[in-house]
Amino acid sequence: MKMLVPCKRVPDPDQKLRLNAEAVGIDSNALTYILNPFDAIAVEEALHIRETAHPDAEVIAVSIAPAEGEADLRTALAMGADRALLIEHNGPTDPWNVARLLAAVIEHEQPTLVLMGKQAVDDDANQTGQFLAAQLGWPQATFASQIEFIDDGLRVHRETDLGIEVIRTTLPAIVTADLRLNEPRYASLPSILRAKKKSIEQTTPAELGVQLEPRVRLIGMELINSQRHCEKVETASNLLAKLRETEVVE
Amino acid sequence: MSENKSDIIIIGGGVAGLSTAMQLAKRGASVTVLEREQIGNGSTGRAAGLLGQLRGTAEHTRMLMDGVEIVKELEAQANVEIYVQTGSVRVAETPERAQELTDLIEMGRSINFDINEIPIDELAERMPYMRTDDLTTACWCPTDGHLQPAELASAYHKVGRDHGVRYETNCPVTGVLLDGKKAHGVQTPKGEFHAPILVNAAGPWSHLVAGLTNTTLPTAALGHVYLTTQPHPDHPVDRLSPGFRNRHHRIYGRPENGGLLVGMYGEDCPEFDMNKLPPDFDMSAMKARRDDLHLAMLIHAAQQRFPWLNERTPMHVTTGIMTFTPDGLPFCGQLPDHEGLFYCTGFSGHGIVQSPAIGVIMSELILDGQSSYDIASIEADRYWEVPGFQDRAEIQQRCYKMQGSYYGRVEGKTAGTQTDAKEASA
C-alpha cells in the first residue's frame, strides 16, 4: 500500500509579514518557511497508519515548490516518510492547478490513500483536497479528526460546525486532516541523519505533462493593522461615550 | 523636547534593563526605558529561569542569594509569585562528575550555603520520573528553585512604574548622541531622548547598539532550545519537584505545569546575525522546525535521563536567543572609549536569576561610582584591548566555544553531540 502526502511550503504565519513593493505578495526577504502545519498532521497520520496497521506501507511526501522546497520535504523524510518528490515550480499556483499536478503524480504512483492538510495556513483556500477528489473521481473525507481502517475502506470522523460526522468511504480516497487528528512528532536525531542521506526525487510540471492554466489572479494584498490602541477610561459613562464615539453603541 | 529628558536612559526592556531601571528609580533618579519591541518579549520571555545559587565563586553565590531576598520583597510589592522554591539536585554518573559534586559540596559549606549529598534512593523518591539506577552521586540544595520570568519582568515593570520609570515600547534606538566622547542621548523613530547616562541592556542586540558608537562589545547571539512536556499520565511531575542539572548529558530542567521542562547546553548551537534579522523581529514568534537538529539532540540527551520522553511525547518547544560572552559572565559597567555609557548585558543564559542583584550593582555603579559587591569578574572592560576581542568573527567563535563548554568537558561518551547520534543511528 502507498500513501501520498502532499506537503506545502508556507511562510511561518507567526512571524511579522510585510508586503512586497508591488503589494501583490509577501516580501520574501528574511522570511522563514515551514511545512504547512496541517500537512505535518497528515504526515504524522500516515506514519501512524504505517506503524500500527500497515507496516509494509510506503509513505511518499510530495511538494510543489522552488528548489528551496527540498528543506520542507527533508522535514517529512526526517519525520519518517519513505520517499519524497519535489515538483519544481517557481511562481504562483492555485488550488485547481495544484490538484492537477497531484493528480498526475497519483496516476503514476497509484496510492491507496492521499492524506493531506485540510488547508494551507498561507492562503487558507481549503480547496485542493476537494478539487483533487473531483478530478480523480475518488471519494473524499475532509476535516478528519479520526481515521480507522475497516473492511476494505475507512471510517472517518469529520469535524463540522454541527458536530462530529462519521462517514465510511471506499479506497482509494482523499482524506484531509483537521487540527485534532493527532499531534505531529518531532524528528528523532537518527532519523534526521538518515533523512540527510536520502535523495529527493525531482520532476517538473512539464515532465508530468501538465500545462498550468492559472484560474486565480492575485490583484493585490493589504496588511490588516493589528496595532491596538488602549485608553483608560475612569467611569462607565465615559466608557459609554467612547463607545458612542466609535459608533459601537448608538 | 524637554519631555524626553531624564537622568538615565536604559536601552532594552528585558529583566536586566527593568531591574536596573527599578533600582535607579527607587533611589530617586528619573529613568526612561526604551524597548525596541514589547517589554520582556526578548530573551526574558523565552527563559526557563532556573535558580542555582551555587556558582563558580563565593561572590556570585552571594549575588544570587541576595537576589532571592530582593525577589521576595518584589513578590510582596507586586503581589505575584515569582520564586518557586523547589530545591535543586545535581546528579553524577561518572567518577569525574562525582568528584565535582564533592568539591561543590565542600565549597558550598565553606560559605554557609545549604548543600548536602543525597542518597540515590531518596532522590528516586523525590523524582520518580527520573532514571536513577545509573547514578553514583547526587547533591541537594533545598533553597534553590526557579524564578518565573514573566512574573519577574512584570513585577520590575510595575514597581518601576510606581517609582516613576517611563517605558517607551516599539522604540528602537537608532543612534547615540555624542558630544565628543560624552554620550548625552539617543535617536529613535519617536524622536530624540536625552540623558547624561545611557545603559546598554539590549541583550542579543547590545553589540549592535555598541556599534552605534563604534564600540566593539564581545558578545554573541546564540540560539537555545528547551522543551516542556505536557503532563504525562504515568510520569507526573509535581510543581514542587526539584530543579536538576545533569552535566554529563549537558541537560538541566525543572517542573512546569505538571510536565517537565528540559534544556541543554549542547556542544553546538545555532548562531544568529542580529543585523540580518528583520527590524521588527519578534523573538516570541520563533519556533523549532519538526526536524530541528538541536531539538533532536536535546530530546536524545533528555531521553538518557528520562527514558519515557521521546520525539513523540506531546511537548511545547521554546526557542530563543541568548547573549553569550567569552567567559559566560556578564558585562556590567563602563568601557574606556566613552563617558556616560554603561553596559549591562551578556548574561549567557542566566539573566533572569542574576537580574535582581545586577539591578542593585548597576544602580550603585551609576549613582555611587562603585559597587558594594566585588565585581571584578563581571566588569565590562575586562576584554578591552585584550588581543583577539576586537574582531567580530573571533568574538563569535570564542563565545560559541564558551556555550559548548558550559557544562564542562564531558568525558567518555559525548552526550548531546552529532557523533553520539551517529552511533545511536548506526
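The model shown is predicted, which means the values in this text are computed figures rather than measured ones.

Draft legend 1. Highlighting the overall build of chain A. Helix and strand counts for chain A stand at six helices and eleven strands. When its C-alpha atoms are laid out on the principal axes, chain A stretches across 70 × 45 × 40 Å. When each of the 250 residues of chain A is scored for burial, the buried share is 46%. Long-range pairs, those at least 24 residues apart, make up 71% of the contacts in chain A between residues at least 6 apart in sequence. Total accessible area on chain A stands at roughly 13,300 Å², and carbon and sulfur atoms take up 50% of it.

Draft legend 2. The arrangement of the overall build of chain B in detail. Each helix and strand in chain B was counted, giving eleven helices and 21 strands. For chain B, the spread of C-alpha atoms along the principal axes amounts to about 65 × 45 × 40 Å. Counting only residues that meet the buried cut, chain B has 61% of its 426 residues in that class. Of the roughly 16,400 Å² of accessible surface on chain B, 48% is carried by carbon and sulfur atoms.

Draft legend 3. Structural context of the side chain of R90 of chain B. All names here are of chain B. For R90, the location among the structural elements is in strand β5 (residues 88-92). Within the buried set, R90 has no salt-bridge partner at all; the shortest N-O distance to an opposite charge, 4.5 Å, is to D144. A distance of 3.4 Å separates the side chain of R90 from the backbone oxygen of L54, its partner in a polar contact.

Draft legend 4. Main features of helix α10 (residues 392-404) of chain B. All names here are of chain B. Between its first and last C-alpha, α10 extends 18 Å over 13 residues, near the 18 Å set by a 1.5 Å rise per residue. Residues of α10 that are buried include every one of I395, Q396, C399, M402, Q403 and G404, and no others. Looking at the buried residues of α10, the elements they touch are β14 (220-229), β18 (271-272) and β19 (315-324).

Draft legend 5. Summary view of the interface of chain A and chain B. Counting from both sides, the interface comprises 28 residues of chain A and, opposite them, 28 residues of chain B. Between chain A and chain B, a total of about 2,500 Å² is buried, with carbon and sulfur atoms accounting for 57% of that surface. The three residues of chain A that bury the most area against chain B are K16, Y186 and L189 of chain A, which together make up 33% of that side's buried surface. Put simply, chain A and chain B have six salt bridges between them. Notably, a salt bridge pairs D14 of chain A with K287 of chain B, separated by 2.9 Å at the nearest N-O pair. There are 14 residue pairs in polar contact (both at pLDDT 80 or more) connecting chain A and chain B. Among the elements of the structure, β3 (33-35), α2 (70-79) and α5 (189-197) of chain A are those that each provide at least two residues to the side of chain A that touches chain B. A breakdown of the residues in the side of chain A that touches chain B according to their chemical character gives 14 nonpolar, three polar and eleven charged.

Draft legend 6. Up close: the sheet that holds strand β1 (residues 2-6) of chain A. Residue and element names in this part refer to chain A. If you walk across this open sheet you meet the nine strands as β9-β8-β7-β10-β6-β1-β4-β5-β11, and the pairing is mixed. The open sheet has two free edges, formed respectively by β9 (163-170) and β11 (201-203), since each of these has just one partner strand. Each neighbouring strand pair of the sheet contributes to a mean axis angle of 30°, computed without reference to strand direction. Pairing of strand β7 (residues 140-150) with strand β10 (residues 173-177) involves three bridges; the strand directions are parallel.

Draft legend 7. Geometry of the pairing of strand β7 (residues 137-141) of chain B. All names here are of chain B. Most of β7 is tucked away: five of the five residues are buried. Of the strand pairs in this sheet, β5 and β7 are connected by five bridges, and their pairing is antiparallel. Note that in β7 the partner of V91 across the bridge is A138.

Draft legend 8. Quick look at the environment of S199 of chain A. Residues and elements named next belong to chain A. The residue S199 is located in the loop between α5 and β11 in this model. Judged by its relative accessible area of 61%, S199 is exposed. The spacing of S199 and G220 is 21 residues in sequence and 38 Å in space, taken between C-alpha atoms.

Draft legend 9. Geometry of the packing of helix α3 (residues 58-78) of chain B against helix α9 (residues 351-368) of chain B. Residues and elements named next belong to chain B. Running from amino to carboxyl end, α3 crosses α9 at an angle of 95°, the nearest separation of the two axes being 7 Å. Relative to α9, the element α3 is oriented roughly perpendicular. Every residue of α9 that contacts α3 at H60, M63, L64, G67, I70 and V71 is listed here: V353, Q354, P356, A357, V360 and I361. Split by residue class, the contact of α3 with α9 holds nine nonpolar, three polar and no charged.

What counts as what
Residues numbered from 1 in each chain as written. Chains lettered and ligands numbered in written order. Predicted model: local features only at pLDDT ≥ 70, side-chain atom pairs only at ≥ 80, totals over all residues. Heavy atoms only, no water. Helix = DSSP H or I, 4+ residues; strand = E, 2+ residues; numbered from the N terminus. Buried < 20%, exposed > 50% of the residue type's maximum accessible area, 1.4 Å probe, protein only. Contact = heavy atoms within 4.5 Å. Areas by Shrake-Rupley, 256 points an atom, 1.4 Å probe, with all protein chains shown as cover. Lys, Arg positive; Asp, Glu negative; His and termini not counted. Salt bridge = Lys/Arg side-chain N within 4 Å of Asp/Glu carboxyl O. Polar contact = N/O pair within 3.5 Å; in protein donor to acceptor, adjacent residues only side chain to side chain. Expected span 1.5 Å × (residues − 1). Buried area = accessible area lost by both parts, 1.4 Å probe. Nonpolar A, V, L, I, M, F, W, Y, C, P; charged D, E, K, R; others polar. Pairing = 2+ DSSP bridges. Axes fitted to C-alpha atoms, helices over the stretch in contact; angles between N-to-C directions. Parallel < 35°, antiparallel > 145°, perpendicular 65-115°, else oblique.

In short, shape yes, function no, at least from these values alone.
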